Amino acid sequence: MPDAVIVDAVRTPIGKRKGSLAEVHPVDLSAVVLRALVERTGMDPSLVDDVVWGCVNQVGDQASQVGRYAVLAAGWPESVPGVTINRACGSSQSSFDFAAGMVMSGQYDVVVAGGVESMTRVPLGSGRDLGRPFGPLVRERYATDLTSGEFPGGDFNQGVGAERIAAEWGFSRAQLDEYSSRSHALAAAAIDAGAFDAQLAPVPDAPGLTADEGLRRGTTPETLAKLEPVFREDGVIHAGNSSQISDGASAVLITTPERAAELGLTPIARYHGGAVSGADPLKMLTGPIPATAKVLKRTGLSVSDIGTFEVNEAFAPVPLAWQAEFGADLDRLNPLGGAIAVGHPLGASGTVLMTRLVHHMRDRDIRYGLQTMCEGGGTANATIVELLR
């Protein structure tokens, strides 16, 4: 079976809601990272077998096949296809896993995986506004909980799930706010050290955006303590220990080692293994725990073998519960900060994290890195990549 390798990974700076990227159409934002891959590698885009693109709210500006229109907006040949994937927050991580799998199966030689989300232009929950997505059979299955009064409107709710996780693992608000402050501090240090400079693609329509826009320097547990809880009156989850609503795009170029050599390209990392798992859809956000266990078993690795972890910071209890279950070294967990500090542009976040991960591994000579993300509906992806020294 051929290996799948990452040749390059690139992302836009993440824009905050109604910020610098607010006026950029998501198709055009996608085109920015596709063009950047060509400019950075010198690759002929006609060689790309497919563009596998993540996007969550596929309505309005993000309807009608964002992946295909991104190819056309980038000026790539009409012969290059595109497909759009939705696995909630893990959409572009699934795009990455699917793309790598197609390369390893021999069906594709060169593929781009990535994603986009403009949460300013297509607000969170836009799809739900058009109907009742869960259906009566799902509601019947979970009726006791959904009609308990805990879940707003009788619907599945990630914020309530985060509250349940905090209670189950015994996290206090002070612990969550301390972790969230850490995210801002680490992101600020990474930006100041230029850790993201080599992975960022400038957005021509937002020339002033040179770094992730959501960072709030000087965030402390004391400043976060002033924020009101959102999902329960006596709860611990609030805007400051949750991921930020954001805009952004990201892309990863995947091929085989042999094809990379033919094209004169030097791979960064090898796809070592991936897994996807389901979990309780009411808590919704615990999926990274079984997904991580699954990918570790599949690859024969242990937590101690992994040099760095990217666990998406949807809410502070998510990485903390994951860390508590696996006993991972806190210094290896989200060492550059995360979505609490810089944002979570849903469909782009999977390959945003992969971009951050592989560049960090190369910068620090880290052999193995693991990425995992919780997803709406109670699923999660976990992926391990290996640095090619």
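Residues numbered from 1 in each chain as written. Predicted model: local features only at pLDDT ≥ 70, side-chain atom pairs only at ≥ 80, totals over all residues. Heavy atoms only, no water.

- As recorded in an unreviewed UniProt entry, the protein chain goes by Thiolase family protein and comes from Pseudonocardia oceani.
- Its UniProt record, at the heading Sequence similarities (unreviewed entry), says of the protein chain: "Belongs to the thiolase-like superfamily. Thiolase family." (UniProt positions renumbered as here; feature names shortened; annotations may be inferred.)

## What to know about the overall build of the protein chain
Alright, step 1. Each helix and strand in the protein chain was counted, giving 13 helices and ten strands.
Alright, step 2. For the protein chain, whose C-alpha radius of gyration is 20 Å, the value lies close to the compact-globule estimate of 21 Å for 389 residues.
Alright, step 3. Structurally, the protein chain occupies a C-alpha span of about 60 × 45 × 40 Å along its principal axes.
Alright, step 4. Across the 389 residues of the protein chain, 59% fall into the buried class.
Alright, step 5. Within the protein chain, residue pairs in contact and separated by at least 24 positions form 81% of the contacts whose partners lie at least 6 positions apart.
Alright, step 6. As presented, the protein chain carries roughly 14900 Å² of accessible surface, and 50% of it is formed by carbon and sulfur atoms. (Helix = DSSP H or I, 4+ residues; strand = E, 2+ residues; numbered from the N terminus. Rg over C-alpha atoms; globule rule 2.2 N^0.38 Å. Buried < 20%, exposed > 50% of the residue type's maximum accessible area, 1.4 Å probe, protein only. Contact = heavy atoms within 4.5 Å. Areas by Shrake-Rupley, 256 points an atom, 1.4 Å probe, with all protein chains shown as cover.)

## Focus: the UniProt feature "domain: Thiolase N-terminal" (unreviewed entry) in the protein chain
Alright, step 1. UniProt feature "domain: Thiolase N-terminal" (unreviewed entry): in the numbering of this structure it lies at residues 5-256.
Alright, step 2. With 34% helix and 15% strand, residues 5-256 has end C-alpha atoms that lie 6 Å from one another.

## Side note on the pairing of strand β6 (residues 246-255)
Alright, step 1. Among the ten residues that make up β6, ten are buried, leaving the element largely enclosed by the rest of the structure.
Alright, step 2. By the alternation rule, side chains of β6 split into S246, G248, S250, V252 and I254 and D247, A249, A251, L253 and T255, which are all buried.
Alright, step 3. Here strand β1 (residues 5-11) runs beside β6; their pairing, made up of six bridges, is antiparallel. The residue bridging R11 from the neighbouring strand is S250, located in β6.
Alright, step 4. As judged from the two bridges shared by strand β2 (residues 15-16) and β6, these two strands associate in the antiparallel manner. (Pairing = 2+ DSSP bridges.)

## What about the environment of L265?
Alright, step 1. Take L265: it is sitting in the loop between α9 (257-262) and β7 (269-278).
Alright, step 2. Taking the C-alpha atoms as reference points, L265 and A167, separated by 98 residues in sequence, lie 49 Å from one another.

## A few points about helix α2 (residues 66-73)
An α-helical turn contains 3.6 residues, so a residue and the one three or four places further along point in the same direction.
Alright, step 1. Every buried residue of α2 is accounted for by V66, G67, A70 and V71. For α2, the buried positions fall inside an angular range of 140 degrees around the axis, keeping them on one side.
Alright, step 2. Looking at the buried side of α2, the elements it contacts are α1 (26-41), β3 (50-54), β4 (82-85) and β5 (110-118).
Alright, step 3. Positive backbone phi, approximately 80 degrees, marks G75, located one or two places after α2. (Arc of directions from axis to C-beta.)

## Some points on the packing of aromatic side chains
Alright, step 1. All told, the structure shown has six aromatic pairs when counted by the stated rule.
Alright, step 2. A ring pair is formed by Y142 and F156, whose centres lie 5.7 Å apart and whose planes are at 75 degrees; its orientation type is edge-to-face. With Y142 in the loop between α4 (135-141) and α5 (143-146) and F156 in the loop between α5 and α6 (158-169), this pair connects stretches of sequence that are 14 residues apart. One exposure class covers both Y142 and F156, and it is buried.
Alright, step 3. Ring geometry for F231 versus F315: centroids 6.4 Å apart, planes at 75 degrees, classification edge-to-face. Of this pair, F231 sits in the loop between α8 (221-224) and β6 while F315 sits in the loop between β8 (308-311) and α11 (317-326), placing them 84 residues apart in sequence. (Phe/Tyr/Trp six-rings, centres within 6.5 Å; stacked < 30°, edge-to-face > 60°.)

## Overview of unusual backbone geometry
Alright, step 1. Of note, the phi angle at K18 is positive, near 60 degrees, even though the residue is not glycine.
Alright, step 2. Of note, K18 is situated in the loop between β2 and α1.
Alright, step 3. The exposure class assigned to K18 is exposed, which follows from its relative accessible area of 70%.
Alright, step 4. Even without being glycine, Q65 reaches a positive phi, approximately 75 degrees.
Alright, step 5. Summarising the element assignment, Q65 is placed in the loop between β3 and α2.

## Digging into the packing of helix α10 (residues 288-299) against α11
Alright, step 1. Their axes nearest at 9 Å, the elements α10 and α11 cross at an angle of 45 degrees. On the basis of their axis angle, the class for α10 and α11 is oblique. For the element pair α10 and α11, the recorded crossing hand is right-handed. From α10, P288, I289, T292, A293 and L296 reach across to α11, where they touch V318, A321, W322, E325 and F326.
Alright, step 2. For the contact of α10 with α11, the residue count by class is eight nonpolar, one polar and one charged. (Axes fitted to C-alpha atoms, helices over the stretch in contact; angles between N-to-C directions. Parallel < 35°, antiparallel > 145°, perpendicular 65-115°, else oblique. Left-handed = near helix turned anticlockwise from the far one by under 90°. Nonpolar A, V, L, I, M, F, W, Y, C, P; charged D, E, K, R; others polar.)

## Focus on the pairing of β1
Alright, step 1. Burial within β1 is extensive, with seven of its seven residues counted as buried.
Alright, step 2. Of the pairings in the sheet, the one linking β1 to β7 comprises two bridges and is antiparallel in character. Residue V5 lies in a different strand from β7, and its bridge partner there is R270.

## Thoughts on the nonpolar core
Alright, step 1. L176, L285, I306, F309, W322, L370 and I384 are the most contacted members of the largest nonpolar core, which totals 42 residues.
Alright, step 2. Elements supplying a minimum of two residues to this core: α6, α7 (173-192), α10, β8, α11, β9 (368-375) and β10 (379-387).
Alright, step 3. If we ignore the near neighbours within four places in the chain, the residues touching I384 are R270, Y271, H272, G273, V295, L296, T299, L301, I306, Y368, G369 and L370. (Core = buried A, V, L, I, M, F, W, Y, C linked by side-chain atoms within 4.5 Å.)

## Side note on the pattern of salt bridges
Alright, step 1. If you walk through the whole model with that rule in mind, you get 16 salt bridges.
Alright, step 2. Linking R139 and D155 is a salt bridge whose minimum nitrogen-to-oxygen distance equals 2.7 Å. Of this pair, R139 sits in helix α4 while D155 sits in the loop between α5 and α6; the two residues are 16 residues apart in sequence, bridging distant segments of the chain.
Alright, step 3. Owing to a relative accessible area of 15%, R139 belongs among the buried residues under this scheme.
Alright, step 4. The residue D280 makes a salt bridge to K283 at a minimum N-O spacing of 3.8 Å.
Alright, step 5. Take D280: its relative accessible area is 28%, and that puts it in the partly exposed class.
Alright, step 6. The buried category is assigned to K283, whose relative accessible area is 16%.
Alright, step 7. Through salt bridges that share partners, D3, R270, R367 and E386 make up one connected network. (Salt bridge = Lys/Arg side-chain N within 4 Å of Asp/Glu carboxyl O.)

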